[in-house]
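Results of the structural survey
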Amino acid sequence: MGQIEKLLKYQEEDSKLLNIEREAANSQEWKNYSQSKSFLTKRAPEKLESMDAKAREMTAMLEKLNKKYEEIMATIKDFENIDELVEEGADIQFYKKNASQLTEKLKSIKGEISALVKSMKDADEEYQALKKKTITVQKQYQEYSVAYQEYKKGKIAEMEKIKKELEVLAKEISPDVMKRYVAKRSERIFPIICSVKNERCSKCGMELSIVGKEKISSGNVTECENCHRFLYKE
Ligand SMILES: [Zn+2]
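Residue indices follow the written sequence of each chain, beginning from 1 at its first position. At least 70 in pLDDT is required for a residue's local features to be given in this predicted model, at least 80 for side-chain atom pairs to be given and counted, and no such filter applies to totals for whole chains, interfaces and linings, which use all residues.

With that settled, the discussion passes to the overall build of the chain. Scanning the chain from terminus to terminus reveals six helices and four strands. Secondary structure follows DSSP: runs of H or I at least 4 residues long count as helices, runs of E at least 2 residues long count as strands, and numbering of each begins at the N terminus. When the helices and strands of the chain are listed from N to C terminus, the series reads α-α-α-α-α-β-β-α-β-β. Scaling as 2.2 N^0.38, a compact globule of 234 residues should have a C-alpha radius of gyration of about 17 Å, whereas the chain reaches 36 Å, well beyond that. Among the 234 residues that make up the chain, the fraction classed as buried is 9%. Each residue is represented by a C-beta atom placed from its backbone, and any two residues with such atoms within 7 Å are regarded as in contact. In the chain, once contacts between residues fewer than 6 apart in sequence are set aside, the share between residues at least 24 apart is 71%. It is over C-alpha atoms that the radius of gyration is taken, and the globule rule equals 2.2 Å times the number of residues to the power 0.38. Residue burial here comes from a neighbour count, namely the number of other C-beta atoms, placed from the backbone, that lie within 10 Å of the residue's own C-beta, with 20 or more meaning buried, 12 or fewer meaning exposed, and in between meaning partly exposed.

Moving on to unusual backbone geometry. Here the amide bond leading from Phe-190 into Pro-191 is cis, since omega sits at -5°, within 30 degrees of zero. With respect to the helices and strands, the residue Pro-191 is situated in the loop between α5 (175-186) and β1 (193-197). In the Ramachandran plot, Asn-198 falls in the positive-phi region, its phi being about 50° despite a non-glycine side chain. Looking at where Asn-198 falls in the secondary structure, it is placed in the loop between β1 and β2 (200-201). Using a count of 8 C-beta atoms within 10 Å as the deciding quantity, one classes Asn-198 as exposed. Of note, Glu-199 is a non-glycine position whose phi angle comes to about 60°, a positive value. Mapped onto the secondary structure, Glu-199 falls in the loop between β1 and β2. C-beta crowding within 10 Å serves as the criterion here: with 14 such atoms nearby, Glu-199 is assigned to the partly exposed category.

Strand direction decides the pairing type here: β1 and strand β4 (residues 230-233), joined by four bridges, are parallel. Of the residues in β4, the one forming a bridge with Val-196 is Lys-233. When DSSP finds two or more bridges between two strands, those strands count as paired. In this structure, β1 lies alongside β2, joined through two bridges in antiparallel fashion. The partner of Val-196 across the bridge, within β2, is Cys-201. Here β1 hands over to β2 after two residues, with Asn-198 in that stretch at a positive phi of 50°.

Another aspect to go through is the domain arrangement of the chain. Domain ranges listed in this record stem from an automatic or a database domain assignment. Each assigned domain of the chain is listed with its residue range as follows: domain 1 (23-171) and domain 2 (174-234). Taking only C-alpha atoms into account, the centre of domain 1 sits 52 Å from that of domain 2.

Okay, the pairing of β4 next. Sheet topology places strand β3 (residues 222-223) next to β4; two bridges connect them, and they run antiparallel. When the sheet's bridge partners are listed, Thr-222 is paired in β4 with Leu-231. Connecting β3 to the next strand, β4, in antiparallel fashion are six residues, including His-228 with a positive phi near 65°.

Our next topic: the nonpolar core. The term nonpolar core refers to a set of buried Ala, Val, Leu, Ile, Met, Phe, Trp, Tyr and Cys residues connected through C-beta atoms within 7 Å. The biggest cluster of nonpolar side chains holds eleven residues, and these are Ile-4, Leu-7, Tyr-10, Tyr-181, Ile-192, Cys-201, Val-221, Cys-224, Phe-230, Leu-231 and Tyr-232. Looking at this core, the elements that each hand over two or more residues are α1 (3-26) and β4.

Time to look at the packing of helix α2 (residues 28-78) against helix α4 (residues 92-170). Packed helix pairs are characterised by how far apart their axes lie and by the angle those axes make with each other. Angles here are taken between N-to-C directions and fall from 0 to 180 degrees, while the axes themselves are lines fitted to C-alpha atoms, restricted in helices to the stretch in contact. Running from N to C, α2 and α4 point in directions that differ by 165°, and their axes come no closer than 8 Å. Comparing their axes, α4 and α2 come out roughly antiparallel. Judged by the twist between their axes, the crossing of α2 over α4 is left-handed. Oblique is the label for every angle not falling under 35 degrees (roughly parallel), over 145 degrees (roughly antiparallel), or within 65 to 115 degrees (roughly perpendicular). Crossing handedness follows the turn of the near helix against the far one: under a right angle anticlockwise gives a left-handed crossing, and clockwise gives a right-handed one.

With that settled, the discussion passes to the sheet that holds β3. Strand order in the open sheet made by the four strands is β2-β1-β4-β3, with mixed pairing throughout. Of all the strands in the sheet, just β2 and β3 have a single pairing partner and so form its edges.

So, about α1. Relative to the 34 Å expected for 24 residues at 1.5 Å per residue, α1 spans 33 Å between its end C-alpha atoms, a close match to the ideal helical length. Turning to α1, its buried residues are Ile-4, Leu-7, Tyr-10, Gln-11 and Asp-14. Packing partners of the buried residues in α1 comprise α4, α5, β1 and β4. A helix is expected to reach a length of 1.5 Å times the quantity of its residues less one.

Encoded structure:
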């Protein structure tokens, strides 16, 4: 039996394993398990981090606005003795204008502060919701994890049998070719071995190179230059 026939036989057995893997990847058990895991280990911590950063930013902003507010309040207080200033011959129009400008500014800062306080309240609600969800998902994760382990247990015997068979078949194939096969398999290329039709890869349609054509006609393993599958002549 030539390399290609051996590879084809290996691939046929391997496709059984692939089917189980695909079934597992599409199972509700896996989806529940992996989604809750990714929420707990990735999405929730990322969200928490960005909320923390936002909270720090808002706190700093609030401090800044409060300080500004106090400064203006202090300046306005200076106007309390405007009567004395006027008596001393100061320009009352100037002070009036100044005072009304400051009052306007104060109003706008007050507005900014209350908007910010509202944002902070919203952020806190969001944080509480995230905390609640995390607790729920933590509980679910325990259940989903058990369910997925159970699911896997049911498949393991079947998978082990196929893997043993694959080990036997792999011994017949040259290590270099096997290594390349395993690499392709991990890249989710499947089928890995394809026939050549009219000197083209039957999977992607790429024409064989001159070297490829020579290899094929001498019965050697060659790869499609486009999709990198092993090619053989039927
Ligand atoms: Zn191809």
